[in-house]
Number of protein chains: 2
Amino acid sequence: MTTDPHRTAPLVSTDPRTGTTTPTGLHRSSPKDVARVVADAHRAAPLLAAMHRHDRATLLDAMAARLELAESVLVTTAMTETGLPEARIRGELARTTFQLRLFAEAVREGGHLEATIDHARDTPLGAAPDIRRMLIPLGPAAVFGASNFPLAFSVPGGDTASALATGCPVVVKAHDSHLLTSQAAYEALRAAVADTGAPEGTIGIVFGREAGIALVSDPRIKAVGFTGSPRGGRALLDIVNSREEPIPFYGELGSLNPVVVTPGAAQARPEAIAAGLAQSVTGSAGQLCTKPGLVFVPAGAPGDRLVELLGSAVAEVPAQVLLNRHIADSYAKTGERLTATDAVTAVASGGAVHGEGCTVTPQVLTTDADSLGAVLEECFGPLVVVVRHDGDEALRSALAQLPGSLTATVHAEPHEEELLAGLVPVLTRAAGRLVFNGYPTGVRVSWAQHHGGPWPATNSVHTSVGVFAMRRFLRPQAWQDAPTSLLPVELRDDCAGVPRRVDGVMTSG
Amino acid sequence: MTTDPHRTAPLVSTDPRTGTTTPTGLHRSSPKDVARVVADAHRAAPLLAAMHRHDRATLLDAMAARLELAESVLVTTAMTETGLPEARIRGELARTTFQLRLFAEAVREGGHLEATIDHARDTPLGAAPDIRRMLIPLGPAAVFGASNFPLAFSVPGGDTASALATGCPVVVKAHDSHLLTSQAAYEALRAAVADTGAPEGTIGIVFGREAGIALVSDPRIKAVGFTGSPRGGRALLDIVNSREEPIPFYGELGSLNPVVVTPGAAQARPEAIAAGLAQSVTGSAGQLCTKPGLVFVPAGAPGDRLVELLGSAVAEVPAQVLLNRHIADSYAKTGERLTATDAVTAVASGGAVHGEGCTVTPQVLTTDADSLGAVLEECFGPLVVVVRHDGDEALRSALAQLPGSLTATVHAEPHEEELLAGLVPVLTRAAGRLVFNGYPTGVRVSWAQHHGGPWPATNSVHTSVGVFAMRRFLRPQAWQDAPTSLLPVELRDDCAGVPRRVDGVMTSG
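Residues numbered from 1 in each chain as written. Chains lettered and ligands numbered in written order. Predicted model: local features only at pLDDT ≥ 70, side-chain atom pairs only at ≥ 80, totals over all residues. Heavy atoms only, no water.

A.B. asks: Quick question: what am I supposed to make of the pattern of salt bridges here?
C.D. replies: Residues and elements named next belong to chain B. Evaluation of the coordinates by the stated rule reveals 56 salt bridges over all chains. Notably, a salt bridge pairs R108 with D61, separated by 2.8 Å at the nearest N-O pair. Taken as a pair, R108 in helix α4 (residues 86-109) and D61 in helix α2 (residues 53-69) lie far apart in primary sequence, 47 residues in all. Residue R108 is classed as partly exposed on the basis of its relative accessible area, which comes to 33%. When its relative accessible area of 23% is taken as the criterion, D61 is described as partly exposed. Across the pair R132 and D493 runs a salt bridge, and its minimum N-O distance is 3.1 Å. Highlighted residues: R132 in strand β6 (residues 131-137) and D493 in the loop between β21 (474-480) and β22 (500-502), separated in sequence by 361 residues. Looking at R132, the relative accessible area reads 6%, which means it is buried. (Salt bridge = Lys/Arg side-chain N within 4 Å of Asp/Glu carboxyl O. Helix = DSSP H or I, 4+ residues; strand = E, 2+ residues; numbered from the N terminus. Buried < 20%, exposed > 50% of the residue type's maximum accessible area, 1.4 Å probe, protein only.)

A.B. asks: It is not clear to me how the interface of chain B and chain A should be interpreted in this structure. Could you clarify?
C.D. replies: Where the parts come together, the accessible area they lose is often given as the size of the interface. Of the residues lining the interface, 75 residues belong to chain B; the matching set on chain A comes to 75 residues. A combined buried area of about 6200 Å² lies between chain B and chain A, and 59% of that area is made up of carbon and sulfur atoms. A per-residue breakdown of the area chain B buries against chain A is headed by R444(B), V461(B) and Q480(B), which together make up 12% of the total. Applying the counting rule to chain B against chain A returns 2 salt bridges. The tally of links between chain B and chain A comes to 41 residue pairs in polar contact (both at pLDDT 80 or more). Elements with a contribution of two residues or more to the side of chain B that touches chain A: α4, β3 (116-118), β6, α8 (230-241), α14 (417-430), β20 (431-436) and β21 of chain B. (Contact = heavy atoms within 4.5 Å. Buried area = accessible area lost by both parts, 1.4 Å probe. Polar contact = N/O pair within 3.5 Å; in protein donor to acceptor, adjacent residues only side chain to side chain.)

A.B. asks: What is the right way to read the relation of the copies chain B and chain A from this model?
C.D. replies: Put simply, the two copies of the chain differ by a rotation about an axis and a shift along that axis. Least-squares fitting of chain B to chain A yields an RMSD of 0.0 Å, with the superposition described by an axial translation of 0.0 Å and a rotation of 180°. Read as a symmetry element, the transformation amounts to a two-fold axis. Within chain B, S508(B) has its C-alpha nearest the rotation axis, a separation of 3.2 Å. (Least-squares fit on C-alpha atoms with pLDDT ≥ 70 in both.)

A.B. asks: Just checking my understanding: could you explain the sheet that holds strand β10 (residues 223-227) of chain A for this structure?
C.D. replies: Hydrogen bonding along the main chain pairs the strands of a sheet, whether they run parallel or antiparallel. All names here are of chain A. One open sheet accounts for 5 strands, arranged β9-β8-β7-β10-β11; its pairing is parallel. Because the sheet does not close on itself, it has two edges, and the strands there are β9 (203-206) and β11 (249-252). Across this sheet, the average inter-strand angle for adjacent strands is 15°, counted without regard to direction. Along the sheet face, helix α1 (residues 31-50) touches β8 (170-173) and β9 and points at about 165° away from the line of β9. (Pairing = 2+ DSSP bridges. Axes fitted to C-alpha atoms, helices over the stretch in contact; angles between N-to-C directions.)

A.B. asks: What exactly am I supposed to notice about the packing of helix α3 (residues 71-82) of chain A against helix α4 (residues 86-109) of chain A here?
C.D. replies: Two quantities define a packed helix pair, namely the angle between the axes and the distance from one axis to the other. Residues and elements named next belong to chain A. Contact geometry for α3 and α4: axes closest at 9 Å, N-to-C directions at 130°. The pairing of α3 with α4 is recorded here as oblique in orientation. In this structure, α3 meets α4 at a crossing whose hand is right-handed. Contacts from E71, L74, V75, A78, M79 and T82 of α3 reach α4 at E86, I89, R90 and L93. For the contact of α3 with α4, the per-class residue count stands at 6 nonpolar, 1 polar and 3 charged. (Parallel < 35°, antiparallel > 145°, perpendicular 65-115°, else oblique. Left-handed = near helix turned anticlockwise from the far one by under 90°. Nonpolar A, V, L, I, M, F, W, Y, C, P; charged D, E, K, R; others polar.)

A.B. asks: I'm lost on the sheet that holds strand β19 (residues 405-411) of chain B in this one. Help?
C.D. replies: Strands sit in the order β23(A)-β22(A)-β3(A)-β6(A)-β21(A)-β20(B)-β19(B)-β12(B)-β13(B)-β18(B)-β17(B)-β15(B) across an open sheet of 12 strands; the sheet is mixed. Here the strands that pair on one side only, and so sit at the sheet edges, are β23 (505-507) of chain A together with β15 (345-349) of chain B. Ignoring which end each strand starts from, the neighbouring axes of this sheet average 20° apart. Relative to β20(B), strand β21 (residues 474-480) of chain A is paired through 3 bridges, and the arrangement is parallel. When the bridges of β20(B) are listed, A478(A) appears paired with R433(B).

A.B. asks: I keep staring at the pairing of strand β17 (residues 363-368) of chain B and nothing clicks. Help me out?
C.D. replies: Side-chain direction in a regular strand flips from residue to residue, so the side chains alternate between the two faces of the sheet. Residue and element names in this part refer to chain B. Buried residues dominate β17, accounting for 5 of its 6 residues. Across 4 bridges, β15 lies against β17 in antiparallel orientation. For A346, the partnering residue across the bridge sits in β17 and is L365. Note that β17 and strand β18 (residues 383-389) share 6 bridges and pair parallel. In the strand pairing of β18, Q363 is matched with L383.

That is the geometry; function is a separate question.
Here's what the structure looks like:
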């Protein structure tokens, strides 16, 4: 008799505030478990795709409602598993349900289908047939929960919502850092599936690192959404690339999120910028993918003053709880490595660490633009590096060296339009979203949002936040001279209310 | 002193009709040559991206005009290098200029930008900033010319046109099979660049296999378009995947293009279907990515009659010239391997081969659905395999085994709607375009076209033909609270005439 090695180590949940571990009753999914969950998703795929889009919208709304019903258990569990404060978790749940309902609204409208009709006609190249095109779901999607958003980027998060919205069943690999939250969220989504009569297998869950690998290797999985470290993402991407059938991998892998403060802005409003930056760097204990990691400040007195104010603001922030041991250790190591560099100086520290758990001290470091190479590693947590520079040319040259980021931010005064115009092309190459006189954290969930950027921020030409996130889980399909009865309803001549392009002309539906 | 190995073997052009080779005066591009051409493209990228889209449309129109001016040399050269008949090459040139002008029209309209504006407002999640999003060019693109379309899928083809339309400079790796045609087309495009004052480096060209590898390995290249064999495509994809920065690879790698003839259709119009199929299989000597490779015909007398008629039609087709030695050898080998299989029977052959060159005989083979596994390899050239089956269930089970194709075709009668409705879901999983009572060859270039399909037909969720082909070379960018003067014109509040989504509502511009 052999023991299944996958069953030998039951999973535990750790409270990062105290380091206390408690058994979860959950186990690592065995290869058989994964195969069964994927088989369910595979069976569900054609049924979910065939549902009228209004019915899928109903399912998303029901999921939002079920999550709200589960609010108290979700909030308590997520707080215990992540160490994030109650207001943050409640805000995240609100964001999660808001985005499910936004996708529902978008699906009801149908613009994401890109429905396009070219009627038969004579062309300079001869008689052309009737061609109709729209986007259809890719099939079962694997979604990897993120450590830092136990709800909004995990089981019921943006990847799941956007994939389900298109008609793709989802199998989530729960993040080890918040297993019970994942399970509770999964149960809420399952209840919504039952409430609305959606297909069994619409949503599935697996646990453990090996299960994640088995998941992306399974030929029935047709797309992968991942939010996490560059190393973890690259490892998964390599597995995806070794599949017989390549599939899209949508990774969000880390970002430095540079912030540029111009001489005018440093002069005009150092207090406001210092306060805003301190909040943006230490909010959620700096564990946001859009946390500003580098702030470019000009040499000279106004810049000195800004750095001093930033240091004072961060010094007032108490020690913070990070999400798990691994992240806390990594934060400590990266901070030590940075401060051990000759060119890097510690400016200020927040509250000192007392007691158990994954608590760390917020930090402000500073260096000069010539030493930029030493500080290009993302430090996940409440740490920011101020980079001092000698003027516009040194600044532009430094910015040109940055790896791809999700965001780039500029604080500038109205009279600095010329300087700004010179910065924008450099920043556009460096990041997917440009923020003016604001802060990159607090990502608006809306139609126009873009949450993506050049590698290593993401490896895709798509967004993982906002309505366009659906495009990742769709592929085009065309019908040539099809009988009306065999066309999707959105491609029939008599369909009203869906934005379409007909014979080259956009119609708003 | 060492000799540059890349310079030692001057390139020759071979006339596949005769096997005669002539020197081209062209050389394999050395690594230095490739680096220089890519550097030019890299320098051109921001300039091309910054051009007003109307000016880029003017460039595309100028390219079409310059190709028309070069018509006589292009047609003569392409005929000599490909063995394709004059009417086919003239038709292809017409298609090439038509598609350049269609992209110009689309770029003038601007719908491809997916311009989206969300004004600042209070939301259930708090005050939300102004966010504006549109698609911007990825940067220099590598395009691999295809053997079978010396114009429409090569230097001035759809990949080039769609990349340039978005504002991406293009470096083409010329196909070895039509070097002089590639060079002549390149010179026409260069002339259009000069005519319109577009940036130097907008279009570049390199020669030789090693140059192609150097091209996709260059970090300044941001996307790859490839049309060719699964083996060649997979090799390039592996190189792309080993880059430090992954980039999108848009491969079109082969397709079986199944055709289903229902019992009703076989009964009602065997002559027309046989004639249409024979034309579709042997047009361009069967060297089309959408050539029907498998035809599913029911057992019984009407099916027998259809096969007999198809055989007779193909028997009347003379021997045909294939594009090059490699393709002709591969056609011969695949044909021999298929006919050597016990379950496969030769039904008919076209004209016998006489004389020199890359001439081959068109062929019709037949097998039964149980032996489908033996005939799932694409045979590039004028060969079709008829698969006989015992009824709807056997048919659906056979279709479910097919690898992904660009197209799937059904011939059916109006009274067979139920049968058709059962087939459509299976065919939708098998192919990117469903054709009803027609033939998959002769791909319409239009807004609604989709030329793509599940792996190995393509590895992307995008099309390589039609207006949406532009989406492959674009990435989203967002601006948060940007001053109007720093926004692209298409995202300013006062911009008229561009289809946009404003605060969630589509407007036709």
